[in-house]
Amino acid sequence: DGGITQSPKYLFRKEGQNVTLSCEQNLNHDAMYWYRQDPGQGLRLIYYSQIVNDFQKGDIAEGYSVSREKKESFPLTVTSAQKNPTAFYLCASSRQKNTGELFFGEGSRLTVL
Amino acid sequence: GQQLNQSPQSMFIQEGEDVSMNCTSSSIFNTWLWYKQDPGEGPVLLIALYKAGELTSNGRLTAQFGITRKDSFLNISASIPSDVGIYFCAGQGHYGGATNKLIFGTGTLLAVQP
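The paragraphs below set out a description of the structure included in this document.

Here is what the cut-offs are and how they apply
- Residues numbered from 1 in each chain as written.
- Chains lettered and ligands numbered in written order.
- Predicted model: local features only at pLDDT ≥ 70, side-chain atom pairs only at ≥ 80, totals over all residues.
- Heavy atoms only, no water.
- Contact = heavy atoms within 4.5 Å.
- Buried area = accessible area lost by both parts, 1.4 Å probe.
- Salt bridge = Lys/Arg side-chain N within 4 Å of Asp/Glu carboxyl O.
- Polar contact = N/O pair within 3.5 Å; in protein donor to acceptor, adjacent residues only side chain to side chain.
- Pairing = 2+ DSSP bridges.
- Helix = DSSP H or I, 4+ residues; strand = E, 2+ residues; numbered from the N terminus.
- Axes fitted to C-alpha atoms, helices over the stretch in contact; angles between N-to-C directions.
- Phe/Tyr/Trp six-rings, centres within 6.5 Å; stacked < 30°, edge-to-face > 60°.
- Buried < 20%, exposed > 50% of the residue type's maximum accessible area, 1.4 Å probe, protein only.

### So, the interface of chain A and chain B
Part 1: On the chain B side, the residues contacting the 19 residues of chain A number 20 residues.
Part 2: Buried area between chain A and chain B, summed over both chains or domains, comes out near 1,500 Å², and the portion from carbon and sulfur atoms is 48%.
Part 3: It is Leu43, Gly100 and Glu101 of chain A that lose the most area in chain A upon contact with chain B, and together they represent 28% of the buried surface on that side.
Part 4: At the junction of chain A and chain B, the tally comes to one salt bridge.
Part 5: Between aspartate 59 of chain A and lysine 101 of chain B there is a salt bridge, with its nearest N and O atoms 2.7 Å apart.
Part 6: Summed over the shared surface of chain A and chain B, the result is eight residue pairs in polar contact (both at pLDDT 80 or more).

In structure tokens, the structure reads:
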């Protein structure tokens, strides 16, 4: 079945360590997104990519980095520069650019100890 | 980034009751969307609205695109236990200098008691 796969589902890291969250999609979608979700808040956009080898900062890109070397993959690195990295991270993709109709993965919960 | 005002923040209801929630903004949107998030999962799109005044149904769910383009409503009729989750509205439009920017509401937590 087509969909978006995020891994790992749960991740623990120590302060000062970088961590990379994986996002793979087999929907043949051009656009991919990373959102952060904190309790009681809406989803906030970290980075997005509308085409391979191109990506743009979202509203809260500081302390994060991404790459888009392949159409189906959009990994997110949470760096040690991110001041408050503990959160639920959601990857999404869309058939078209500039659409609000997103397909989300199941999420990755990152806890910094 | 700015977020939409979504209310209520939470609802605790009995199975069989109807549910209403809404989302408002000071800005005009071209598109309104409603998503549902089950616990520990990613959101799933329920309904997308593209025209002011549009009323769209998806099973027991009905959503409306407000005539002012600054609000949207979601109604759930005859709630069942699997309706439990967080419901997010999202608006898309020219916002904060960006075109087609998608803004999410803060969510409505729905709990349904059998």
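Read on, since the account is not over.
### Focus: the sheet that holds strand β8 (residues 76-78) of chain A
Residue and element names in this part refer to chain A.
Part 1: Judged by pairing direction, the sheet is antiparallel, and its four strands sit side by side in the order β1-β3-β8-β7 without closing on themselves. Each end of this open sheet is capped by a strand with a single partner; those strands are β1 (4-7) and β7 (64-66). Within this sheet the neighbouring strands show an average axis-to-axis angle of 20°, counted without direction.

### Some remarks on the packing of aromatic side chains
Part 1: Enumeration according to the criterion identifies 10 aromatic pairs over all chains in this entry.
Part 2: Each ring, one from tyrosine 64 of chain A and one from tyrosine 89 of chain A, has its centre 5.8 Å from the other, and the planes form 65°; the classification is edge-to-face. Of this pair, tyrosine 64 of chain A sits in strand β7 while tyrosine 89 of chain A is found in strand β9 (residues 87-94), placing the two residues 25 residues apart along the sequence.
Part 3: A relative accessible area of 6% places tyrosine 64 of chain A in the buried class.
Part 4: Looking at tyrosine 89 of chain A, the relative accessible area reads 0%, which means it is buried.
Part 5: Clustering of aromatic rings is evident, with ring pairs tying together Tyr33, Tyr35, Tyr48 and Phe104 of chain A together with Tyr35 and Phe104 of chain B.

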